[in-house]
Structures are given as C-alpha cells and as structure tokens.
Amino acid sequence: MSGTAADKLADDLARAIIEGVFPPGARLDEQQLAQRYAVSRTPVREALRQLATTGLIEVRPRRGAIVTQVTPAQLEELFVAMAELEATCARLAALSMAPTERRRLQDLHESMGEMAAANDVAGFTDANQALHTLIYAGAHNVVLADWAAATRRRLSPFRRAQFRVEGRLPKSHSEHDAVVRAILQADAHAAHAAMLHHVTRVERSFEELCAESAASASA
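*Asks:* Teacher, can you tell me more about the sheet that holds strand E3 (residues 64-67) here?
*Replies:* Picture the strands of a sheet paired through backbone hydrogen bonds; they go either parallel or antiparallel. Within the open sheet, the 3 strands sit side by side as E1-E3-E2. Their pairing is antiparallel. Of all the strands in the sheet, just strand E1 (27-28) and strand E2 (57-60) have a single pairing partner and so form its edges. Strand direction decides the pairing type here: E2 and E3, joined by 4 bridges, are antiparallel. Paired with Glu58 across the bridge in E3 is Ile66. The strands touched by helix H3 (residues 41-54) within the sheet are E1, E2 and E3, with E2 carrying the most contacts at an inclination of about 110°.

*Asks:* I'm lost on the pattern of salt bridges in this one. Help?
*Replies:* Pairing between side chains of opposite charge can happen when the charged atoms of each approach one another. Overall, the coordinates contain 10 salt bridges when judged by the stated rule. In this structure, Lys8 engages Asp12 in a salt bridge whose closest nitrogen and oxygen atoms are separated by 2.9 Å. Taken together, the residues span about one helical turn, with Lys8 and Asp12 both in helix H1 (residues 2-18) at a distance of 4 residues. With relative accessibility at 53%, the residue Lys8 sits in the exposed group. In this structure, Asp29 engages Arg27 in a salt bridge whose closest nitrogen and oxygen atoms are separated by 3.3 Å. Given the relative accessible area of 19%, Asp29 is considered buried. When salt bridges that share partners are traced, they join Glu30, Arg41 and Arg45 into one network.

*Asks:* What is the right way to read the side chain of Glu30 from this model?
*Replies:* One can find Glu30 in helix H2 (residues 30-36). A distance of 3.2 Å separates polar atoms of two side chains, one belonging to Glu30 and the other to Arg45. The contact partners of Glu30, leaving out residues within four places of it in the chain, are Arg41, Val44, Arg45 and Leu48.

What counts and how
- Residues numbered from 1 in each chain as written.
- Predicted model: local features only at pLDDT ≥ 70, side-chain atom pairs only at ≥ 80, totals over all residues.
- Heavy atoms only, no water.
- Pairing = 2+ DSSP bridges.
- Helix = DSSP H or I, 4+ residues; strand = E, 2+ residues; numbered from the N terminus.
- Contact = heavy atoms within 4.5 Å.
- Axes fitted to C-alpha atoms, helices over the stretch in contact; angles between N-to-C directions.
- Salt bridge = Lys/Arg side-chain N within 4 Å of Asp/Glu carboxyl O.
- Buried < 20%, exposed > 50% of the residue type's maximum accessible area, 1.4 Å probe, protein only.
- Polar contact = N/O pair within 3.5 Å; in protein donor to acceptor, adjacent residues only side chain to side chain.

Next up, the structure:
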C-alpha cells in the first residue's frame, strides 16, 4: 500500500515540479509534503527517493531534497539519447525476439488499443511502460536494455506527462502500431525508424504541454 501511495505521490510531485509549483531551488520538506498531500512521511520519503533517480530533485547534506534546474538543452540531450537507445532496441528486437515474445508484445499492444479508446490514462501509462520494457528485453542485449531502462527512469516524469495532452493516447497507440508491426514482421530498419519517430513525438508532446502550462500561467 505504501508503495502505491509513494508511486502516486512521486507522479504528483513530478507534475508539480514540471508545472512550476515547486520552482528550481525550492526545498521539499518531508513533513510539509506529508501534510500537503495527506499522507505519512514514509511514502514521501520513498517518492523523493524515486524523484532523485530522475534528476528532478537532488538530495543535499543538511538541506534535504532540492528541486534541480533541468534546462531545455539537458532535456533535449536526454530525449535524443532515449530515442537512439530505444530505436536500437526495437531494431534488435525485430531480429532477435522469440515467437512467444512477439505474441506477448502483440497481445499487450492490442489491449492498449482498448485503453486508448476508453481514455484510460492510468492503464495506458502502466501498459506503455510494460510494452517498452518488452522491447528492451526482446533486443536480447542486457547492456543495452539496462542503459535504455536507466535513461527511461530519468525521463519518466516527462514521458508520463505527455498523456495529459488532449488526444495523445490514440496517437501514441498509432505510433506503437508502426513499431510493433515492424517487429512482428522482423523488419529491423522499419522498427528502428518507427521508434525514432515515436520518441520524437513524445518529446514534442511534452513541449506542447509545457507551452500550454506557460500560456495558462501568464493568462
């Protein structure tokens, strides 16, 4: 239960940081956060630990958790690295996935179509991570899969934020369709290109969300 509470709190805090509620340099006090979000300090502590792995906050001696400054240039570099890693995983998965792995990927992708149609953001978000994880594993390269997973963790708050953009779920599912189809057809070149396009669209969706938030704040 505390793990679930911590995961939700980490998402809430990430959203607040991205939207500027907690600006760069702000100190995140455990007790104040517990009171603000009506939880105990245990999930707060775990949520902060999760956010520290993404780079959104840093834990400093005697100062506790501090919101870091993530510049647009740093984000762009992370998204470029993520796109290249995931595209390579998709290319290798098209070549290396076992038949059972391909069926599992196809089944999950098809179930996500129903989630997108129902606008099930929470379900689609969780399934989205599972789908990408299947592709990492399907590359059958442990080092590459570890790098992709680690980079994804750093970008997790920004990738999850994309689903707050109106109409993003069906678009994401359509992008996945091109990736999954290429992998199932063992078309390594198409899988690589489709995944590059997908992660680029993720970045652009996040940028659109930031622009919308900035416009609302200045209105």
